[in-house]
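Survey of secondary and tertiary structure
Here's the letter readout for the chains.
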Amino acid sequence: MGQTIVEKILSRHTGKEVSAGDLAIVNVDAAMATDATAPFAIKAFREMKGEKLWNSEKMTFVIDHGAPAPNERIANLHKIIREFATETGSNLYDVGSGICHQIMIDEGHVHPGDLVIGADSHSVTYGAIGAFSTGVGATDLAAIMLTGKTWLKVPPTIRVELNGKPNPGVQSKDIILALVGELGMDGATYKALEYTGSALEHLSLGGRMTIANMGVEMGGKAGVIETTGLKLPYEFEQMLPDPDAHYISHHFLDVAALRPKVSIPHSPANVTDIDEVLGTKIDLVFLGTCTNGRLEDLHTAALILNGKKLAPGVRMIVTPASRQVLNVAMADGTLNILSDAGATFIPPGCGPCVGTHLGVPGDSETILSTANRNFPGRMGNRNARVFLSSPATVAASALQGEITDPADVIEGAVL
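The structure displayed is predicted, hence computed values, not measured ones.

Considering the side chain of T37
Structurally, T37 can be placed in the loop between β2 (30-34) and α2 (38-47). Aside from chain neighbours lying at most four places away, what touches T37 is A119 and A138.

See the structure below:
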């Protein structure tokens, strides 16, 4: 029987052919930890009597979750990471460098066909370029830091076929929200998602990252997008599934028929067409996170807000996904447009997504966010309401002061 993409990648990294359900010990191409997990992984590494990393060039630390440090405790955790990275000669991206998942791809720490483990649940993002990537806990990561290996059970694969071309105002975020709404929070638990279909021709790298990123919101162990149509600044081998590969289920989504989607509080799976929530008053919009803080997302917001102002009483926080995104957005005038509209900028990083600081909402406030989660307290206040949507919907809604269909305000421009 043929193999899925995930089965092919795992077979290459364990040295023998494996199939869904097999237990495999695999070699890891790269590992990553953030300031939310690295201190615990370092502690566990020490307790395992670790002194030297299996490969310092393949180990990356990123300070992004509580950056800059909001208090003394977190500042000292950052200090632990800096000292360990210096001691071991591993890669360190300090405060302001950006979000770990953006950095791992932009800086070339992940390549198509790689097997990458991160101590962060959204490490599944690297499936955007055809890698197998998944998140683990700090102790599991410590063992990888020591040995360069880990074990896992080969997940069965769900085939997702995305066909058609999205209409103006519909973006990759709407595509993945539609799928999360269909499968639910546990519809892909310990399964791999494999994305294919004609819609891939219309997806940028950033759009693919958005889709791969939210696979874990369905419980997915990994989510791999076929590399058909993918453009990277280097040559790579395209990996496709075998024609007779086995899938446990098939899902089909007509992208051309999609309306913009919104997740309503308090679950990413509470997805509805935007028509059901049009007119909902908002207090704060947030453009950023590992789901939608890329340059193209800032460009979308600038397209909609150019020459205009935020609605009275609406605040807008913008967090570029990386310093690279920030610098380009400064150079091409995007930040000027957003600033003139009334947006507030915070350093590249996770920002208010995790609720640590830099934008915690007040009681009873309504937030429209480009993030991936809207559980109670996700942004730091259990008494606030968080809705999730695309960058286009966020920008259009900031302009009107209420949840708004972006097609109503883009004035013929194609996003």
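Let's pick the thread back up.
What about the nonpolar core?
Of all hydrophobic cores here, the largest spans 47 residues; its most connected members are L162, Y195 and M218. Among the elements of the structure, β2, α4 (100-106), β8 (157-163), α6 (172-183), β9 (192-196) and α7 (205-213) are those that each provide at least two residues to this core. Top contributing element to this core by residue count: α6, with seven residues. Core analysis: the second largest hydrophobic core is formed by 39 residues, I42, M59, I117 and A142 among them.

Side note on the sheet that holds β2
In space, the five strands of this open sheet follow the order β4-β3-β2-β5-β6, with parallel pairing throughout. Of all the strands in the sheet, the pair left with one neighbour each is β4 (91-93) and β6 (132-135). Geometrically, the sheet is characterised by an average inter-axis angle of 15° between neighbouring strands, direction not taken into account. Examined bridge by bridge, β2 and strand β5 (residues 115-118) share three bridges and lie parallel to one another. In the strand pairing of β5, A31 is matched with I117. Across the sheet, helix α5 (residues 138-147) is in contact with β2, β3 (59-62) and β5; its angle to β2 comes to roughly 135°.

A look at the state of the cysteines
Going through the model one piece at a time under the given rule, you end up with zero disulfides. We note that C290 lacks a disulfide partner, and the nearest cysteine sulfur, in C353, lies 6.4 Å from it.

Cut-offs and rules
- Residues numbered from 1 in each chain as written.
- Predicted model: local features only at pLDDT ≥ 70, side-chain atom pairs only at ≥ 80, totals over all residues.
- Heavy atoms only, no water.
- Helix = DSSP H or I, 4+ residues; strand = E, 2+ residues; numbered from the N terminus.
- Contact = heavy atoms within 4.5 Å.
- Core = buried A, V, L, I, M, F, W, Y, C linked by side-chain atoms within 4.5 Å.
- Buried < 20%, exposed > 50% of the residue type's maximum accessible area, 1.4 Å probe, protein only.
- Pairing = 2+ DSSP bridges.
- Axes fitted to C-alpha atoms, helices over the stretch in contact; angles between N-to-C directions.
- Disulfide = S-S within 2.5 Å.

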